[in-house]
Amino acid sequence: ARTQVGIVGAGPAGLMLSHLLSAAGIGSVVIETRTREDIEATIRAGILEQGTVDLMVSTGVGDRLLDKGSRHDGIEIRFGGGSHRVDFRSSVGRSVYLYPQHEVLRDLIAARLADDGDIRFGASEVSLHGVTGTEPVIHFTDADGRPTDLRCDLIAGCDGAQGTTKWSIPDGRRTDHFRAYRHGWFGILAEAPPSSKELIYAHSDRGFALISSRTPTVQRMYFQCDPEEDADSWSDNRIWDELQSRVAGRGFSLNEGRIFQRSVIPMRSYICDPMQHGRLFLAGDAAHTVPPTGAKGLNLAISDAVVLAQALERFFGTGHADLLEGYGRTAAQRVWRAQHFSWWMTSMLHLAPDAGDFDRHRQLAELDQITGSAAGRTLLAESYTGWPIELTN
Ligand code: DHB
């Protein structure tokens, strides 16, 4: 089999790339180890930047998003016994949307299949060959157990944080910028009505907590914990007590309900530098990880896909490889900004294990400054709603 762009991974980066390429008349095949059912049922991220929403709408995959998603014009930040709202619209005239990632994937998969797109779900033993040559190959075993070679002009590695495509960049050519944090997030999904119209980011003496949502009947909440914490050892009551103690007060409390999923999420920052090698181009979590605070991961995957699709369009349209050669540099600029933002939100809101009184007061002063000044709110709103995607021409 042969295609123009072989894409490893049917997550946000891979599917959006395939979707954008298709609109530009460029062929692609997407290879995915999971099943369609699994992908469409796994609840993950939930916040879409304004630019991600605009892109989905303008490329014909925004109908369900506009119907079922909800626009959020601000967030609440709680600290020092008070609640402070950061209004996005008055600061930067933009918003974010709450719309679960698996719904984005459902929409992209449906659009690809309606356009006769080729997605090979349930593949295994995926490996890359000849990425520095002119016709790299993706070798895989398809869902029926048949070994298959897919010859490509180029390969996009979109196989997520645990993916292996990045290891095709030799050790001597790759710098792994990595940082681990000393806390994790205890995340739950609960059957309950929303407790708040907007997301709540809480700084408390017991550590950080985040109140988010997925649907009118399913709520997503997190609290900072030890990264080694055993989620299964916690009773529902203990979890609710911990969450309530971090956000409750002044007449507010969380609506509780049955907790049907729980896990401890590690927090790390990572960038694979460069994001490309020969004819292999990495996009999304395959190339970088951000800590979840600030909800940048999914949005970075989408912006990588946009930058890469543009470079590929120029390459196939004119034969010029200049944008392709600059892809990693262009994409990394935005990724580093998001790294900084996610690190900053994390450091401002979380209690370090060895934090003393000085650190706590310093954080409170920073939160006071950011929420108490128009300049501070604008800085946060600008980053949270997302920087414009650099469009090269
Ligand atoms: C969610 C996750 C985040 O990291 C965040 O900053 C906001 C929302 C969420 O899962 O809904």
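This write-up is about the structure you can find in this document.

Parameters at a glance
- Residues numbered from 1 in each chain as written.
- Predicted model: local features only at pLDDT ≥ 70, side-chain atom pairs only at ≥ 80, totals over all residues.
- Pairing = 2+ DSSP bridges.
- Helix = DSSP H or I, 4+ residues; strand = E, 2+ residues; numbered from the N terminus.
- Axes fitted to C-alpha atoms, helices over the stretch in contact; angles between N-to-C directions.
- Contact = placed C-beta atoms within 7 Å.
- Core = buried A, V, L, I, M, F, W, Y, C linked by C-beta atoms within 7 Å.
- Buried ≥ 20, exposed ≤ 12 C-beta atoms within 10 Å, placed from the backbone.
- Domains from an automatic or database assignment.
- Near = placed C-beta within 6 Å.
- Nonpolar A, V, L, I, M, F, W, Y, C, P; charged D, E, K, R; others polar.

**A look at the sheet that holds strand 16 (residues 218-225)**
Thinking step 1. Taken in spatial order, the seven strands make up an open sheet running 6-5-14-15-16-13-17, and their pairing is mixed. Of all the strands in the sheet, just strand 6 (82-87) and strand 17 (258-265) have a single pairing partner and so form its edges. Neighbouring strand axes in the sheet, compared pairwise and without regard to direction, differ in orientation by 20° on average.
Thinking step 2. Examined bridge by bridge, strand 14 (residues 200-202) and strand 15 (residues 209-215) share three bridges and lie antiparallel to one another. If you follow Ala-202 over to strand 15, its bridge partner there is Ala-209.
Thinking step 3. Lying over the sheet, helix 10 (residues 357-372) contacts strand 5 (74-79) and strand 6, oriented at roughly 150° with respect to strand 5.

**What about the nonpolar core?**
Thinking step 1. Residues Leu-17, Ala-156, Ala-283, Ala-305 and Leu-308 are the most contacted members of the largest nonpolar core, which totals 104 residues.
Thinking step 2. Here this core gets twelve residues from one element, more than from any other, and that element is helix 8 (residues 297-318).
Thinking step 3. When residues of this core are sorted by domain, at least three fall in each of domain 1 (2-46 + 100-180 + 268-350) and domain 2 (184-265).
Thinking step 4. With residues up to four places along the chain from it excluded, the contact list for Ala-283 reads Ala-13, Leu-17, Ala-156, Cys-158, Ala-301, Asp-304, Ala-305 and Leu-308.

**So, the site of the ligand**
Thinking step 1. In the vicinity of the ligand, the contacting residues are Ala-45, Gly-46, Ile-47, Leu-199, Leu-210, Ser-212, Arg-220, Pro-292, Thr-293, Gly-294 and Ala-295.
Thinking step 2. Here the residues of the shell around the ligand are counted per class, giving six nonpolar, four polar and one charged.
Thinking step 3. Among the domains, domain 1 (2-46 + 100-180 + 268-350) and domain 2 (184-265) are the pair contributing at least three residues each to the shell around the ligand.

**With respect to unusual backbone geometry**
Thinking step 1. Following Asp-273, the chain continues to Pro-274 via a peptide bond in cis, the omega torsion being 5°.
Thinking step 2. Mapped onto the fold, Pro-274 is located in the loop between strand 18 (268-273) and strand 19 (276-277).
Thinking step 3. Of note in this structure, Glu-125 is not a glycine but carries a positive phi near 50°.
Thinking step 4. Mapping Glu-125 onto the fold places it in strand 9 (residues 124-129).
Thinking step 5. Glu-125 sits in the exposed class, given 11 other C-beta atoms within 10 Å.

**Overview of the pairing of strand 11 (residues 147-157)**
Thinking step 1. Direction of pairing for strand 1 (residues 2-8) relative to strand 11: parallel, over a ladder of six bridges. When the bridges of strand 11 are listed, Arg-2 appears paired with Arg-151.
Thinking step 2. Pairing geometry for strand 10 (residues 137-141) and strand 11, over five bridges, is antiparallel. Paired with Phe-140 across the two strands is Thr-148, which belongs to strand 11.
Thinking step 3. In sequence, strand 10 turns back onto strand 11 through a hairpin of five residues, with Gly-145 there showing a positive phi of about 85°.
Thinking step 4. Here three bridges tie strand 11 to strand 20 (residues 280-282), and the two strands are oriented parallel to one another. From the neighbouring strand, Ala-156 faces strand 20, where its bridge partner is Phe-281.

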